[in-house]
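Each chain is listed here by its residues.
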Protein chains: 2
Amino acid sequence: MVVEVISVGTELLLGNIVNTNARYLAEECALLGLTMYNQTVVGDNRGRLSEAVRTALDRSDIVILTGGLGPTEDDLTKETCAEVMGFPLVEDSRTRDRITEYFKNSRHPEIPGNNWKQAMVPEGALVLDNHNGTAPGLILEKGQKRAILLPGPPDELIPLFAGQVKPYLQKLRPEVIVSQMVKICGVGESKVEEELIDLIDRQTNPTIATYAKTGEVHVRITASASASETAEKLIKPVVKEIKRRMGTAVYTARAEETLEMAVVRLLKKYELTLATAESCTGGLVAGRIVNVAGASDVFHQGFVTYSNKAKRKLLDVSKSTIKKYGAVSKETAKEMAVGGAFAADSDLCVAVTGIAGPDGGTEEKPVGLVYMACCLGDKVTVERYQFRGNRSKVREQSVVRALDLVRRTILENHK
Amino acid sequence: MVVEVISVGTELLLGNIVNTNARYLAEECALLGLTMYNQTVVGDNRGRLSEAVRTALDRSDIVILTGGLGPTEDDLTKETCAEVMGFPLVEDSRTRDRITEYFKNSRHPEIPGNNWKQAMVPEGALVLDNHNGTAPGLILEKGQKRAILLPGPPDELIPLFAGQVKPYLQKLRPEVIVSQMVKICGVGESKVEEELIDLIDRQTNPTIATYAKTGEVHVRITASASASETAEKLIKPVVKEIKRRMGTAVYTARAEETLEMAVVRLLKKYELTLATAESCTGGLVAGRIVNVAGASDVFHQGFVTYSNKAKRKLLDVSKSTIKKYGAVSKETAKEMAVGGAFAADSDLCVAVTGIAGPDGGTEEKPVGLVYMACCLGDKVTVERYQFRGNRSKVREQSVVRALDLVRRTILENHK
């Protein structure tokens, strides 16, 4: 089954916003086992939109349209699709009631006149209740062709798709698609592919695909079968084999778990507390830890020590260490970690010091050179990295590696 | 002149990556005064790509293609465009030399055989040197139609477009387009539009457009004229009027200056130092300040005090204040800022404490409640916010407002 996406909106053609909806829908459709050959963006223009819808319905089985369902005159997606597919517009009383209800609960109890436009639907369409806005989602069926109309704001589109469109599309297909994600940190994508190449090449069901993220590689294993239990059975041994080959580089096998969530999970599991001591990352490691709701159980404080004086005063790094080895050195990183754990009275402390650039690099210590250290009890691990890229790339990679260093330190001590 | 973008890549159709190139090109083309009616995404498939190129060349004057210029068999953009437009491929000796040079300077001195494919160009094409990769950019001209081929990686595409394609496109148009950005913080988009509505409605040259960002509103003023001096003259009084109406809410009138850059600029100007004391933002305010190269002149240290104990120990917040008013209160925020400035021996300190959620909210202090304080000398300003959205939205908004509070505090004291 072939699906395609038409995104409607002049703001996309002007470059005001990035088309994140298209990415979301493409990924979801791939997970449903649907094939996508085309994506299109058109403006709020009746002629060009008609043309795009006609072309899409001609070459694809399912056309998903996003945007242009608002209450204004500019919003033409519903009217245009109805016209192209030959459906008259009729009032949907349930949508009318929902709009009334929506405004009653909002801060603007008077309903603008043009909002009633949104209660008009193509005759025979499936109406999908939108709980986050006034425009309903719509599914239009004609023969073997289907048009699915969704509102443009992601916080309306995503719940509508996940809750109502996905089950609808699943029913159209005889098989079930199940996928699982294995997330890896500290190993490059080409290295992961090298390790898994025979699996990737050999497998057709499940399939294996790798995705490079900053400092991480995500591996998706996707199987299709007549029932989800069968698909899961196909996936399980492959996940196990990937974990075996990649070892502790695998930080999670749950799609929704981020690296910082995995770190907080391990800290909680072993009842450990963490502190941070950051120079070039300037608080971003702590910021990632605090992303995790409930981090307060394991993270109480962090230090941003950007100047040498702050490193000495807050982390008790010795003056002679900085003088002898420099602020960006394994010796300073080590003292920052040990001093940070002591000052924060925590079990672990991770420290980062480096040259993020664009200035400050030398031949001996070039831009991108970063030392990080993590201490746990008496043991301190120090690592040296030479990152590529601009200031923000160097810092982003440092943050990921620092989080992973905490994770590996805990695992190393709890084998 | 009508332009359109064709993005080539299966990874876009699978939803592996977001199409940020299309947004960048759309924005740049709009700034050049070119009209865009269509954007298309197709996979690495000869038949479908041919079809897309034919359709695009038929309805538009300029077609910009991105991606599919790599060295592998899958990369078909150049071959397909050459075929559709009727140009044979010939070897470009300068590109061949550049590839040799590129590999000589890299860590992989042997050149993979298939990389020579990248030295083949459509006969008569303008070859654009790519200094960040091996695939050159290409401009194919046939009659009044033009195809511009650019590599997919943004760090290759953007420099090629900005350095070589933009000047080429500018020459095609009789007028010059000049634009300026005015950036506003602390006022919502609808309020900004309300203040400027007569200007927005009245102006046709320059035009005025507003863009909502997290906690910020950017206003772009764009003029076209026969010479850039004339366009600048059209823009100047409008920028002045916007600044007059929006007052100190305008933090910059330079497109490339971010909020944190404006804060660091003011700190440097008045020779002030800043410290940070963060609870719910967990280091992200400090992280934003450190985004700015050269921040070390004005920022030496920051505290992440996530627990009450850390607030007491590092910032000297009194036990009774936390007990009486709670950790999320104006009293605690105030003591955090004052204590942080003292501990860091800095001129200013900004403090943030709030309930980011999803847990921890009460009827009296709901999720999204954030207090922030900034002290400078004897003066402390405390502000209370009730943000909407999930944990990360609450924290992102807090960071922007905290940076802006620093900015306003400095301005207030240097009127």
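Here the structure is shown first, and the text comes after it.
One structure accompanies this document, and this report is about it. Note that the structure is predicted; figures quoted are calculated from it, not measured.

1. A short note on the sheet that holds strand β13 (residues 274–278) of chain A
Next, step 1: Strand order in the open sheet made by the 10 strands is β17(A)-β16(A)-β15(A)-β13(A)-β14(A)-β14(B)-β13(B)-β15(B)-β16(B)-β17(B), with mixed pairing throughout. Two strands close off the open sheet at either side, each with one partner strand: β17 (379–386) of chain A together with β17 (379–386) of chain B. Direction aside, neighbouring strands of the sheet carry axes that sit 10° apart on average.
Next, step 2: Judged from the eight bridges that link them, strand β16 (residues 369–376) of chain A and β17 of chain A form a sheet pairing that is antiparallel. Directly across from Tyr 371 of chain A, in β17 of chain A, lies its bridge partner Arg 384 of chain A.
Next, step 3: Running at roughly 145° to strand β14 (residues 299–305) of chain A, helix α11 (residues 308–315) of chain A makes contact with β13, β14 and β15 (348–354) of chain A together with β14 (299–305) of chain B of the sheet.
Next, step 4: Those strands touched by helix α14 (residues 391–413) of chain B are β13 (274–278), β15 (348–354), β16 (369–376) and β17 of chain B, and its axis lies near 25° from that of β16 of chain B.

2. Overview of the relation of the copies chain A and chain B
Next, step 1: Superposing chain A onto chain B requires a rotation of 180° together with a translation of 0.5 Å along the rotation axis, leaving an RMSD of 0.5 Å. Accordingly, the operation relating the two chain copies is best matched by a two-fold axis.
Next, step 2: When the interface residues of chain A are mapped onto chain B, 98% of them are again interface residues, pointing to one common binding face.

3. Thoughts on helix α2 (residues 20–31) of chain B
Residues and elements named next belong to chain B.
Next, step 1: The end-to-end C-alpha distance of α2 is 17 Å, a good match for the 16 Å that 12 residues give at a rise of 1.5 Å each.
Next, step 2: Within α2, nine of the 12 residues are buried, leaving the element largely enclosed by the surrounding structure.
Next, step 3: Residues Asn 21, Ala 22, Tyr 24, Leu 25, Ala 26, Glu 27, Glu 28, Cys 29 and Leu 31 constitute the buried set of α2.
Next, step 4: Of the residues trailing α2, Gly 33 is marked for its positive phi of about 80°.

4. Quick word on the interface of chain A and chain B
Next, step 1: Taken together, the 60 residues of chain A in the interface contact 60 residues of chain B.
Next, step 2: Taking both partners together, chain A and chain B bury about 4,400 Å²; carbon and sulfur atoms supply 55% of that area.
Next, step 3: Joining chain A to chain B, the criterion identifies zero salt bridges.
Next, step 4: Where chain A meets chain B, there are 26 residue pairs in polar contact (both at pLDDT 80 or more).
Next, step 5: Those elements giving two or more residues to the side of chain A that touches chain B turn out to be α1 (10–13), α2 (20–31), β2 (35–42), α10 (284–290), β14, α11, α13 (330–344) and α14 (391–413) of chain A.

5. Comments concerning the pattern of salt bridges
Next, step 1: With the rule as written, the count across this model stands at 48 salt bridges over all chains.
Next, step 2: Note that Arg 220 of chain B is salt-bridged to Glu 27 of chain B, the shortest N-O span being 3.1 Å. With Arg 220 of chain B in strand β11 (residues 216–225) and Glu 27 of chain B in helix α2, this pair connects stretches of sequence that are 193 residues apart.
Next, step 3: Relative accessible area serves as the criterion here: at 15%, Glu 27 of chain B is assigned to the buried category.
Next, step 4: Here Glu 257 of chain B and Arg 254 of chain B are joined by a salt bridge, their closest N and O atoms 3.8 Å apart.
Next, step 5: The exposure class of Arg 254 of chain B is partly exposed, given its relative accessible area of 42%.
Next, step 6: Taken together, the shared-partner salt bridges connect Asp 198, Glu 241, Arg 244 and Arg 245 of chain A into one network.

So, how was this worked out
Residues numbered from 1 in each chain as written. Chains lettered and ligands numbered in written order. Predicted model: local features only at pLDDT ≥ 70, side-chain atom pairs only at ≥ 80, totals over all residues. Heavy atoms only, no water. Pairing = 2+ DSSP bridges. Helix = DSSP H or I, 4+ residues; strand = E, 2+ residues; numbered from the N terminus. Axes fitted to C-alpha atoms, helices over the stretch in contact; angles between N-to-C directions. Contact = heavy atoms within 4.5 Å. Least-squares fit on C-alpha atoms with pLDDT ≥ 70 in both. Expected span 1.5 Å × (residues − 1). Buried < 20%, exposed > 50% of the residue type's maximum accessible area, 1.4 Å probe, protein only. Buried area = accessible area lost by both parts, 1.4 Å probe. Salt bridge = Lys/Arg side-chain N within 4 Å of Asp/Glu carboxyl O. Polar contact = N/O pair within 3.5 Å; in protein donor to acceptor, adjacent residues only side chain to side chain.

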